[in-house]
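Coordinate inspection notes
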Amino acid sequence: MAAAAAATTSISSFPPHSHNKLSNPSSSSSSSSSLRLSFSNSSLSLSLQKLSLSSNPNPRSSTILNVLKTVHDSELLSKSRDPDPLPQSHKPTILVSEKLGEAGLHLLRGFGNVECLYNLSQEDLCSKIAECDALIVRSGTKVTRQVFEAAKGRLKVVGRAGVGIDNVDLQAATEFGCLVVNAPTANTIAAAEHGIALLAAMARNVAQADASMKAGKWQRNKYVGVSLVGKTLAVMGFGKVGSEVARRAKGLGMHVIAHDPYAPADRARALGVELVSFDQAIATADFVSLHMPLTPTTNKIFNDATFAKMKKGVRIINVARGGVIDEDALVRALDNGTVAQAALDVFTEEPPSTDSKLVQHENVTVTPHLGASTKEAQEGVAVEIAEAVVGALRGELSATAVNAPMVPPEVLSELAPYVALAEKLGRLAVQLVAGGSGIQSVKVVYRSSRDPDNLDTRLLRAMITKGIIEPISDAHINLVNADFTAKQKGLRISEERVVVDSSPENPIESIQVQISNVVSKFESALLDNGNISIEGKVKYGTPHLTCVGSFSVDVSLEGNLILCRQVDQPGMIGRVGNILGESNVNVSFMSVGRTVRRTKAIMAIGVDEEPDKDTLKKIGEVPAVEEFVFLDL
C-alpha cells in the first residue's frame, strides 16, 4: 500500500567528490525578556524559546533547531497579523545602519519607524539594537553574537542588502530566533556588466594607458592589447551572473564554455554555451571569468596547481569572491607569465593592504568591489531587501531566508535522528553521481507504519536537499527555502510514502533516495531500473546505511566511508584492512553484504581519516576489487 505525495520542487552535473577504480581521488543564555510575547503568548512558543536557548541543549535538538528556527513563530505572527495599518506607537522599529536606496526606505517607512544611523561602532550598535525589531545592513556592519545578545530577543529579522552574509553570525541569529534574509537577485545585471567591463578593459590595457597618459606619457606601442573575437572564455560558475556574462561575451564574438556542478545542459545550449569539466575549462580558455561561491570546496581553488594547468598567457577576471583565488599564487603566476593579466573586483581581505603585491602589479586591473555599484542595482537591492524585511515582520515566510525556522519540541525530539539520516543520505547520493551527469530527478521513499497523511516529511525533504546542495554551494538550506532553492538549482524532488508493518512508535522505518537518468561512479549502487539507490534506517538512535543498490549493508553513517565491490572470497577484509593500516588510516568498522554466496559482495569500510591517493590506488589494484568509491560524510 502506497501513497504518493508531492513535492515537485528540477541540479545538474555535480562534481565528483569520490573515487573509483578508474579515476584518481581527488552557549548562550537568555531571560524571559527574549520571548516574543508582543506577538504571541503561546506556551508552545515559550517552550520552544526555552529549548533553543537552553545552556545545555540536546545535540540532536540543536541540529534541528539550526534547520528550523523561524517557521513556528512566523505562523504565529501570521495568525495575529492586523491587516490594517498599525498605530504609530505599535509600528516596528527598523534600523538601517548603511546607506539604502530611497525606494527601499520609502517601503520601510510605510510599515515601520525607520532610523538611519550610519558608521555605528560595534558598541553603539549593541546599545541601540535592543530598541529595534529589524536591522538592515550591507557588507560593512558586523552583526555578531554580541549584537544578538544585546538585542535581548527583540530583534526579529536582519536584512542583508546584497548576497553575501559573511558579516552576519547565522548560528547566533538562529539561536536567538532571528530570521536572516538577503537580496540575491537585484544586482545580477550590474555584476555581469562589471565583469564584461573588466574583461574589455584588461584586454585593451585601458587602466594602464589612462594612468600613463595622465603621467604625461604617450606609449602606444607599450599598450598593444588582444582582441576578444574568436577567443575562448571559460565561465566558472554558470548561475545568474555567470550566464549573463556568457550571453554578453557571445555578443562580443567569443567562444564560451562553462563549468558548473548545477547548470542544466539545456539552458547552456540555449545560450550557445558548452558545459565542460573543471580541468577542461581551465586548460583550453584564453580568458577565465570567475562566478562561483566561496565555500570550503572553492576556497583557494585557483592556486599554484590550478594555474599550472592553464594555457600560458591566460587572462583572469574575478567579480565573485576574493577567497576563491590564492592571491600569492596568482602573483607568482603573473610573474612567471603563466597568467598574462588579471582584472579583480574582489579580494580575500577587503580593503586589501596598500602595499599588496597583487594590487600594485602592473599587469593587474583592480576596482574596489564595484560589481553591484550601479544606481539601478542599488535601488533594486533596496527594494528587494525592504520587501523581504517587511514580509518577515508581518510573519510571511521569505524565499530568501538564509537561516532556520522552528518546530514544536515534540517534533524535534521525534525527528532528530531522522534529520541526520536524511542529510547524510542526500550527501552520499550526490557523491555517487559521475561528473558530467546532470541530476534532474530525485525520488525519496519513506517507509512507515503511520498513515501517509499523518507523516509530515517537509523537514526530511529539506534535509535531503541540504545534503545534496550545500557541500558544493554557498546556499543555506532550511525548511523555509529548501523547495525554492531546489527549483532554482534545477532539482526536482518527488516523494512516496509507503505503509509497512513496523512499530508505530517509530515515525519512519526507512528512507530511500533514488536518482534517475544519471551515470553512477559506483555501478553497484544501481537498481535494475538504472537508478542510483541508497537506503538508510535509524538504529539505536544513530543513522545507518542499510542498502546500496540491491546489496544489503549495515553501516553507521559516521566519519568517512569506502565502498568496494569485490569477488566474494576469503581474505578480502584482511587485505584491504592491511593496506589502510599500513597508511595509518584507522578503520572504525567493516561490513560485507552480498546477494549470492561466493559471487559478488560489497564491503563497506568506515575510516576516521581520508586515505591519500596512493592508498586508494592500492585498494583499486587488489585483483578481486572490481570497483570502489570513497565517500565523505
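Criteria and thresholds
- Residues numbered from 1 in each chain as written.
- Predicted model: local features only at pLDDT ≥ 70, side-chain atom pairs only at ≥ 80, totals over all residues.
- Heavy atoms only, no water.
- Helix = DSSP H or I, 4+ residues; strand = E, 2+ residues; numbered from the N terminus.
- Areas by Shrake-Rupley, 256 points an atom, 1.4 Å probe, with all protein chains shown as cover.
- Buried < 20%, exposed > 50% of the residue type's maximum accessible area, 1.4 Å probe, protein only.
- Polar contact = N/O pair within 3.5 Å; in protein donor to acceptor, adjacent residues only side chain to side chain.
- Pairing = 2+ DSSP bridges.
- Core = buried A, V, L, I, M, F, W, Y, C linked by side-chain atoms within 4.5 Å.
- Contact = heavy atoms within 4.5 Å.
- Axes fitted to C-alpha atoms, helices over the stretch in contact; angles between N-to-C directions.
- 1 Å grid on protein atoms, 1.4 Å probe; cavity = no way out; pocket = protein on both sides within 12 Å on 5 of 7 lines; lining within 4 Å.
- Points joined across faces, edges and corners; volume = space filled by probe spheres on them.
- Nonpolar A, V, L, I, M, F, W, Y, C, P; charged D, E, K, R; others polar.
- Right-handed = clockwise from strand over helix to strand, strands pointing away.
- Salt bridge = Lys/Arg side-chain N within 4 Å of Asp/Glu carboxyl O.
- Parallel < 35°, antiparallel > 145°, perpendicular 65-115°, else oblique.
- Left-handed = near helix turned anticlockwise from the far one by under 90°.
- Phe/Tyr/Trp six-rings, centres within 6.5 Å; stacked < 30°, edge-to-face > 60°.
- pLDDT = per-residue confidence, 0-100.

For the rest of this paragraph, the subject is the overall build of the chain. Counting secondary structure elements, the chain contains 21 helices and 23 strands. With the model as given, the accessible surface of the chain reaches about 27,500 Å², and the carbon-plus-sulfur share is 49%.

For the rest of this paragraph, the subject is the side chain of S520. Following the sequence through the fold, S520 ends up in the loop between strand 16 (510–516) and strand 17 (532–539). Residue classification places S520 among the buried residues on the basis of a relative accessible area of 11%. Looking at S520, its side chain comes within polar contact range of the main-chain oxygen of L432, at 3.4 Å. One polar contact links the side chain of S520 to the main-chain carbonyl oxygen of F522, over a distance of 2.7 Å.

What follows deals with the sheet that holds strand 9 (residues 274–275). The sheet built from seven strands is open, its strands ordered 9-8-7-10-11-12-13 with parallel pairing. Each having just a single partner strand, strand 9 and strand 13 (364–366) make up the two edges of the open sheet.

We now examine unusual backbone geometry. A cis amide bond links E350 with the next residue in sequence, P351, at an omega value of -10 degrees. Here P351 lies in the loop between strand 12 (339–344) and helix 15 (357–360). The phi dihedral of K300 falls on the positive side, at around 55 degrees, and the residue is not glycine. For K300, the location among the structural elements is in the loop between strand 10 (287–290) and helix 13 (304–308).

On to the nonpolar core, then. V442, I511, L545, L561 and L563 are the most contacted members of the largest nonpolar core, which has 52 residues in total. In terms of residue count, helix 17 (residues 409–431) provides more of this core than any other element does, nine residues in total. In contact with L563, other than residues within four places in its own chain, are F522, V548, I602, M603, A604, E627, F628, V629 and L631. A281, M310, A342 and V364 belong to the second-largest nonpolar core, a separate cluster that totals 29 residues.

Okay, the sheet that holds strand 4 (residues 134–137) next. The five strands lie next to each other as 3-2-4-5-6, forming an open sheet whose pairing is parallel. In the strand order of this sheet, the two ends are held by strand 3 (113–116) and strand 6 (179–182), each with one partner. When strand polarity is set aside, the average angle formed by the axes of neighbouring strands in this sheet is 20 degrees. For strand 4 and strand 5 (residues 157–160), the ladder comprises four bridges, and the chain directions are parallel. When the sheet's bridge partners are listed, L135 is paired in strand 5 with V158.

Its volume calculated, the second largest cavity comes out at about 30 Å³. If you trace the second largest cavity, you find it lined by F148, A151, K152, G153, R154, L155, F176 and C178. Residues of the lining of the second largest cavity, tallied by class, amount to five nonpolar, one polar and two charged.

Of all five residues in strand 8 (residues 255–259), four are buried; the element is thus mostly enclosed. In this fold, the crossover linking strand 7 (residues 232–236) to strand 8 by way of helix 10 (residues 240–251) has right-handed handedness. As defined by bridge partners, strand 8 adjoins strand 9 across two bridges and the pair is classed as parallel. By the bridge assignment, A258 is partnered in strand 9 with L275.

Once that is clear, we can look at the pairing of strand 6. The alternating pattern of strand 6 places L179 and V181 on one face and V180 and N182 on the opposite face, and all of these are buried. Of the pairings in the sheet, the one linking strand 5 to strand 6 comprises four bridges and is parallel in character. Following the sheet pairing, G159 is matched in strand 6 by V181. Handedness of the crossover joining strand 5 and strand 6 through helix 7 (residues 170–175) is recorded here as right-handed.

Applying the stated criterion to the full structure yields 22 salt bridges. The closest approach of N and O atoms between R447 and E535, which form a salt bridge, is 3.8 Å. In this pair, R447 is assigned in strand 14 (residues 441–448) and E535 in strand 17, connecting sequence segments 88 residues apart. Overall, R447 belongs to the partly exposed group, its relative accessible area being 24%. Relative accessible area serves as the criterion here: at 15%, E535 is assigned to the buried category. The network of salt bridges with common partners includes R565, K600, E626 and E627.

As a further point, take the packing of helix 20 (residues 572–582) against helix 21 (residues 613–621). In contact at an axis separation of 10 Å, helix 20 and helix 21 are set at 165 degrees when each is read in the N-to-C sense. Classified by the interaxial angle, the pair formed by helix 20 and helix 21 is roughly antiparallel. Crossing of helix 20 against helix 21: the hand is right-handed. Where helix 20 approaches helix 21, its residues V576, I579 and L580 are matched on the opposing element by T615, K618 and I619. Among the residues forming the contact of helix 20 with helix 21, the class breakdown is four nonpolar, one polar and one charged.

So, on to the packing of aromatic side chains. In the structure shown here, the tally under the stated rule is one aromatic pair. An angle of 45 degrees between the planes, with centres 5.8 Å apart, marks the rings of F278 and F302 as tilted. Pair noted here: F278 is in helix 12 (residues 278–284) and F302 is in the loop between strand 10 and helix 13, with a separation of 24 residues, a long-range link. Here F278 matches F302 in class, with each residue buried.

Orientation of helix 4 (residues 102–109) relative to helix 16 (residues 375–394), taken along the N-to-C sense of each, is 20 degrees, at an axis distance of 7 Å. As judged from the angle between their axes, helix 4 and helix 16 are roughly parallel. Between helix 4 and helix 16 lies a crossing whose hand is right-handed. Seen from helix 4, the contacting residues are E102, A103, G104, L107 and L108; seen from helix 16, they are E379, A382, V383, A386, E387, V389 and V390. Looking at side-chain class alone, the contact of helix 4 with helix 16 contains eight nonpolar, one polar and three charged residues.

Mean pLDDT over the chain stands at 82; residues scoring 70 or higher make up 82%. Every residue in residues 1–84 scores below 50 in pLDDT, and together they form 216 contacts with partners more than four places removed in sequence or on other chains.

Our next topic: the environment of A422. Relative to the helices and strands, A422 resides in helix 17. Between the alpha carbons of A422 and K466 there is a distance of 9.0 Å; along the sequence they are 44 residues apart.

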